[in-house]
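Chains, contacts and geometry: an overview
Next come the chains, spelled out residue by residue.
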Amino acid sequence: QQQVKQSPQSLIVQKGGISIINCAYENTAFDYFPWYQQFPGKGPALLIAIRPDVSEKKEGRFTISFNKSAKQFSLHIMDSQPGDSATYFCAASMGSGGSNYKLTFGKGTLLTVNP
Amino acid sequence: EAGVAQSPRYKIIEKRQSVAFWCNPISGHATLYWYQQILGQGPKLLIQFQNNGVVDDSQLPKDRFSAERLKGVDSTLKIQPAKLEDSAVYLCASSFPGRETYEQYFGPGTRLTVT
C-alpha cells in the first residue's frame, strides 16, 4: 500500500520558471510533511517541512502548500535555477501510534531546469 | 558538525555472497535508521534503532538481513546471502531525540550491485 503518492514523475522547467510537485497522503495520523532534495550520488537532504497546523510555509524560493481536508501538499520552487536540478521526494511521518517518526517517502520527481 | 558517515560507498558482489555496511551517525543522535533505496524509488525504512535497541524492524527481510548497534553509536547492516533484488543504495540516517526527532539527516549511502 503506497501511503504517499507523488506526481509528476519527472518535470522540465525553464530557468526562472516555477516548479510545482504534488503529493497526496492517505493516513490522517501523519503530522509532519518534509520535502527532501537528492543529488546524484548523495543522500537526501531536508529542504523544507511543514506541520498540519499551518497551510503554507515559505523558505526563500521554496514554499510548501498544505491542504489538510484534501490530504494533499505541494512544493513550489520559484525562480527555478539549473542548480535546482535534482530528485525531490515528499515524505510523511508521525510521532505517535508506534510509528516513531519513521518517514514514508513518495517515489520522487526528477526535476530538470534548463538554462 | 560532521554529517552521517557511511562506508563503503560502493560494493559489487555476486549473488549468494555476504556484505556488510557501516554507519556512524551525527554525534549525539540517539535514533538511527537504515533505508533501502531501489533505483527510481523513494527510500524504504528497513530498521530503526533508539540507542542500541530496535524500535522497528517490520520491513527488514530477517531471513537474510541483520543489523546491530552495539554501543548505541555506530551501526552495521549485513546481508547474507545476497540476492539480485538487493541491488540498491543503502542509506543511513540519524535524528536527535525530542521535537527534532522528526528531522532525519542522511548519509551519502552505499551503492550495492549484486551480479
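Just so we're clear, the structure is a prediction, and the values are computed from it rather than from any experiment.

The rules behind these values
- Starting from 1, residues in each chain are numbered consecutively following that chain's sequence as written.
- Chain labels run from A onward and ligand labels from 1 onward, assigned in the order the entries are written.
- Two thresholds apply to this predicted model, a pLDDT of at least 70 for residue-level local features and 80 or more for giving and counting side-chain atom pairs, whereas whole-chain, interface and lining totals are computed over all residues.
- Side-chain descriptors were evaluated using all non-hydrogen atoms of the structure, hydrogens and water having been removed beforehand.
- Should a side-chain nitrogen of Lys or Arg be within 4 Å of a carboxyl oxygen of Asp or Glu, the pair is scored as a salt bridge.
- Strands are runs of DSSP state E lasting at least two residues, helices are runs of H or I lasting at least four, and both sets are numbered from the N terminus onward.
- When a residue's accessible area, from a 1.4 Å probe over protein chains only, is under 20% of the maximum for its type it is buried; when over 50% it is exposed; and in between it is partly exposed.
- Classification of ring pairs rests on two measures: the distance between centres of Phe, Tyr or Trp rings, Trp counted by its six-membered ring, which must be within 6.5 Å, and the angle between planes, read as stacked under 30 degrees, edge-to-face over 60 and tilted in between.
- Disulfide assignment relies on a single distance test, namely cysteine sulfur atoms paired within 2.5 Å.

1. Things to note about the pattern of salt bridges
- Counted by the stated rule, this structure contains five salt bridges over all chains.
- Its salt-bridge partner being A:Asp84, residue A:Arg61 comes within 2.9 Å of it at the nearest N-O pair. Within this pair, whereas A:Arg61 is found in the loop between strand 6 (56-59) and strand 7 (62-67), its partner A:Asp84 is found in the loop between strand 8 (72-77) and strand 9 (86-92), the two being separated by 23 residues in sequence.
- Its salt-bridge partner being B:Asp86, residue B:Arg64 comes within 2.5 Å of it at the nearest N-O pair. With B:Arg64 in the loop between strand 6 (53-56) and strand 7 (65-68) and B:Asp86 in the loop between strand 8 (75-79) and strand 9 (88-95), the pair connects residues that are 22 residues apart, well separated along the chain. You'll find B:Arg64 and B:Asp86 in the same group, each marked buried.

2. Quick word on the packing of aromatic side chains
All names here are of chain A.
- Enumeration according to the criterion identifies 18 aromatic pairs over all chains in this entry.
- Considering the side-chain rings of Tyr 25 and Phe 30, the 6.3 Å spacing of their centres and the 65° angle between planes classify their relative orientation as edge-to-face.
- Relative to Phe 73, the ring of Phe 66 lies with its centre 6.4 Å away and its plane at 40°, an arrangement referred to as tilted. Taken individually, Phe 66 and Phe 73 each receive the classification buried, so the pair is uniform in this respect.
- What links up through ring pairs into an aromatic cluster is the set Tyr 25, Phe 30, Phe 33, Trp 35, Phe 66 and Phe 73.

3. Brief notes about the state of the cysteines
- Under the criterion given, the structure shown has two disulfides over all chains.
- One disulfide in the model links A:Cys23 with A:Cys90; its S-S distance is 1.8 Å. Taking the sign of the torsion about the S-S bond as the criterion, the disulfide between A:Cys23 and A:Cys90, at about -90°, is left-handed. On the criterion of sequence distance, the pair formed by A:Cys23 in strand 3 (residues 19-25) and A:Cys90 in strand 9 is long-range, its members being 67 residues apart.
- Given a relative accessible area of 0%, A:Cys90 falls into the buried group.
- Note on cysteine connectivity: B:Cys23 is disulfide-linked to B:Cys92, with sulfurs 1.9 Å apart. Between B:Cys23 and B:Cys92, the S-S torsion sits near -65°, and that sign places the bridge as left-handed. Pair noted here: B:Cys23 is in strand 3 (residues 19-24) and B:Cys92 is in strand 9, with a separation of 69 residues, a long-range link.
- Judged by relative accessible area, B:Cys23 falls into the buried class, the value being 0%.

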